Protein chains: 2
Amino acid sequence: MGSYEKKLREFLLQGDRNFLPHISIDCVIFGFHDNQLKVLLLKWKDQGSWSVPGGFVKRKESLDASAKRVLKERTGLKDIFLRQFQVFGDPHRERGKKSFKIIGTSKSWIMDRFITVGYWALVEFSKVTPRPDWLSDECQWWDVQQIPSLIYDHNSIVTKALEALRLSLNDQPVGYNLLPQTFTMPELQRLYETILGVSLDRRNFQKKMLALDVLERLPERKTGGAHKAPFLYKFDKKKYERAMQKGLSFGFQ
Amino acid sequence: MGSYEKKLREFLLQGDRNFLPHISIDCVIFGFHDNQLKVLLLKWKDQGSWSVPGGFVKRKESLDASAKRVLKERTGLKDIFLRQFQVFGDPHRERGKKSFKIIGTSKSWIMDRFITVGYWALVEFSKVTPRPDWLSDECQWWDVQQIPSLIYDHNSIVTKALEALRLSLNDQPVGYNLLPQTFTMPELQRLYETILGVSLDRRNFQKKMLALDVLERLPERKTGGAHKAPFLYKFDKKKYERAMQKGLSFGFQ
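What counts as what
- Residues numbered from 1 in each chain as written.
- Chains lettered and ligands numbered in written order.
- Predicted model: local features only at pLDDT ≥ 70, side-chain atom pairs only at ≥ 80, totals over all residues.
- Heavy atoms only, no water.
- Domains from an automatic or database assignment.
- Buried area = accessible area lost by both parts, 1.4 Å probe.
- Salt bridge = Lys/Arg side-chain N within 4 Å of Asp/Glu carboxyl O.
- Polar contact = N/O pair within 3.5 Å; in protein donor to acceptor, adjacent residues only side chain to side chain.
- Helix = DSSP H or I, 4+ residues; strand = E, 2+ residues; numbered from the N terminus.
- Nonpolar A, V, L, I, M, F, W, Y, C, P; charged D, E, K, R; others polar.
- Buried < 20%, exposed > 50% of the residue type's maximum accessible area, 1.4 Å probe, protein only.
- Contact = heavy atoms within 4.5 Å.
- Expected span 1.5 Å × (residues − 1).
- Pairing = 2+ DSSP bridges.
- Least-squares fit on C-alpha atoms with pLDDT ≥ 70 in both.

To continue, consider the domain arrangement of chain A. All names here are of chain A. According to the domain assignment, chain A contains domain 1 (3–169) and domain 2 (172–246). Domain 1 and domain 2 are separated by 32 Å when their C-alpha centres are compared. Taking both partners together, domain 1 and domain 2 bury about 1,300 Å²; carbon and sulfur atoms supply 63% of that area. Inspection of the region where domain 1 meets domain 2 yields 0 salt bridges. For the interface between domain 1 and domain 2, the tally reads 5 residue pairs in polar contact (both at pLDDT 80 or more). Listing elements by their share of the side of domain 1 that touches domain 2, those giving two or more residues are β2 (36–44), β6 (115–124) and α3 (154–171). Looking at which element gives the most residues to the side of domain 1 that touches domain 2, the answer is α3, with 5 residues. Grouping the amino acids of the side of domain 1 that touches domain 2 by side-chain chemistry returns 8 nonpolar, 3 polar and 4 charged.

Below is the structure:
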């Protein structure tokens, strides 16, 4: 029995000593780069199918700490700002779960029902280097428009995470660490359009962005284009962070 | 041994046959009436402390179905639109959990660590009649400004639920089933002010509400006041439901 088989056997037979039963974590990591929105997926060695990176909660670990650890263990990504967005608790959500050949049918805690807590994050995907863990053959970015068929309810988890990402644009700024330090309003608009998957009206967009009060306009303009040089902006870090903290302006206030 | 003791003993010793271990549900029910915002609390017979109504997930039951059942069993409230808002997974969240005298220390599944899934709802509190279940002495509405000290992290759960309720006003209309069938703009504004806990600017409020496009202005005005009679509005049910479904307009679209 190879090292993978040994490790897998131990994990399947004894994992429940370390982990809470029935509760899992799934992380939907969106990557933005060059006006593309991608999602990070793992291909399992044993089951041969794609999934979002997921794992389990240690018996004395907080849920948020589990999410960070799971993401790091499974993909190598660390220092990522993860946000809990929804729990998936349908009793049939893992329909089609295959038993692991190595230990035979339904002998493992892993074959029980799991309720999973979903987390999402948005990163600049050229800035991180995902690598598969020992359970996976591959760890790759997939275009959000071309996601393959995933295990269990993971396609629906990705869809709900995308809704949560899009909703977050109503309450919080986005772009820090995703755009170059200085950028034009059209560049910022393309980021929003890429995330939302729609075209936006240029003037309305500019008006709303300026009203958020997180941008600073620079004295110099962008040079080199054929047209009139557009203004350059950067994020005011303090105001940006305050807006992230505040989370929302309750629209009505 | 009385009937309460028998029931409790069975619940504590055998509940885990019916329920998933380590996972609970907590429901934060807000009640609006006459410009007051309240929250529904239960007083436990055995532990003598107040909590939000909570319970456990049956082994083959969906999380959402559990929340509905738990709320009905514990308070008598049914047909309530519950929304999941957050999972509370700190390993120390149940600090101070008391063992139940009837079975002695830590012999029950209920003494294990629980991760709890929070749900919230908003109802017109004069329209529902809560009643305590067999585990509780009392089931009462408390003003959100005067919530007593609750067990575990329940004060923090109520705070987070109130944030979720307030945030929902950014994305969804509110008021149906809370206001009379026809109402004035100031009446609607007072509902929002009560939920948000702040005063709002009259003109901005009116502008935003009309922009939501869920109101229908009636031909007649309200009569009987000393001042110029204000317009009467009602919700356009179709538009209101569409806005609830849509959930959000992604602000930027």
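Here Lys237(A) lies in helix α6 (residues 237–246). Distance in space between the C-alpha atoms of Lys237(A) and Tyr176(A) is 8.5 Å, their sequence separation being 61 residues.

All names here are of chain A. When you line up the elements, Gln47 lands in the loop between β2 and β3 (50–51). With a relative accessible area of 10%, Gln47 lands in the buried category. Taking C-alpha positions, Gln47 is 9.1 Å from Lys97, a pair spaced 50 residues apart along the chain. With near-sequence residues (within four places) excluded, Gln47 lies in contact with Lys98, Ser99 and Phe100.

Between the first and last C-alpha of helix α3 (residues 154–171) of chain B there are 26 Å, a value that for 18 residues agrees with the 26 Å anticipated at 1.5 Å per step. Among the residues of α3(B), those classed as buried are His154(B), Ile157(B), Val158(B), Ala161(B), Leu162(B), Ala164(B), Leu165(B), Arg166(B), Ser168(B), Leu169(B) and Asp171(B).

The subject of this paragraph is the interface of chain B and chain A. Size of an interface, as often reported, equals the accessible area lost when the parts are brought together. Facing 38 residues of chain B, the contacting portion of chain A comprises 37 residues. Buried surface at the junction of chain B and chain A, summed over both partners, amounts to about 3,200 Å²; 68% is from carbon and sulfur atoms. The interface formed by chain B and chain A holds 0 salt bridges in total. Applying the counting rule to chain B against chain A returns 12 residue pairs in polar contact (both at pLDDT 80 or more). Elements with a contribution of two residues or more to the side of chain B that touches chain A: β1 (19–33), β4 (54–58), β5 (83–88), β6 (115–124), α3, α4 (185–196) and α5 (202–212) of chain B. Broken down by element, the side of chain B that touches chain A gets its largest block of residues, 6 residues, from α3(B). Counted by class, the side of chain B that touches chain A contains 20 nonpolar, 8 polar and 10 charged residues.

Another aspect to go through is the pairing of β6(B). Residue and element names in this part refer to chain B. Of all the 10 residues making up β6, 10 are buried; the element is thus mostly covered by neighbouring parts of the structure. Across the two faces of β6 the burial is the same, with Ile115, Val117, Tyr119, Ala121 and Val123 and Thr116, Gly118, Trp120, Leu122 and Glu124 all buried. With 10 bridges connecting them, β1 and β6 associate as parallel partners. Within the sheet, the bridge partner assigned to Gly31 lies in β6 and is Val123. Relative to β6, β5 runs antiparallel, the two being bridged by 5 bridges. Residue Arg83 lies in a different strand from β6, and its bridge partner there is Trp120.

With an RMSD of 0.0 Å, the fit of chain B onto chain A corresponds to turning through 180 degrees and sliding 0.0 Å along the axis. Viewed as a symmetry operation, the transformation between the two copies matches a two-fold axis. Both copies present the same face, since 97% of the interface residues in chain B are matched by interface residues at the equivalent positions in chain A.

A few words now on unusual backbone geometry. Peptide bonds are mostly trans, and most non-glycine residues show a negative phi. Residues and elements named next belong to chain A. Here the phi dihedral of Asp34 falls at roughly 55 degrees; this positive angle occurs in a residue that is not glycine. A relative accessible area of 60% places Asp34 in the exposed class. One non-glycine residue, Asp213, lies in the positive phi region at around 60 degrees. Here Asp213 lies in the loop between α5 (202–212) and β8 (215–221). Judged by its relative accessible area of 41%, Asp213 is partly exposed.

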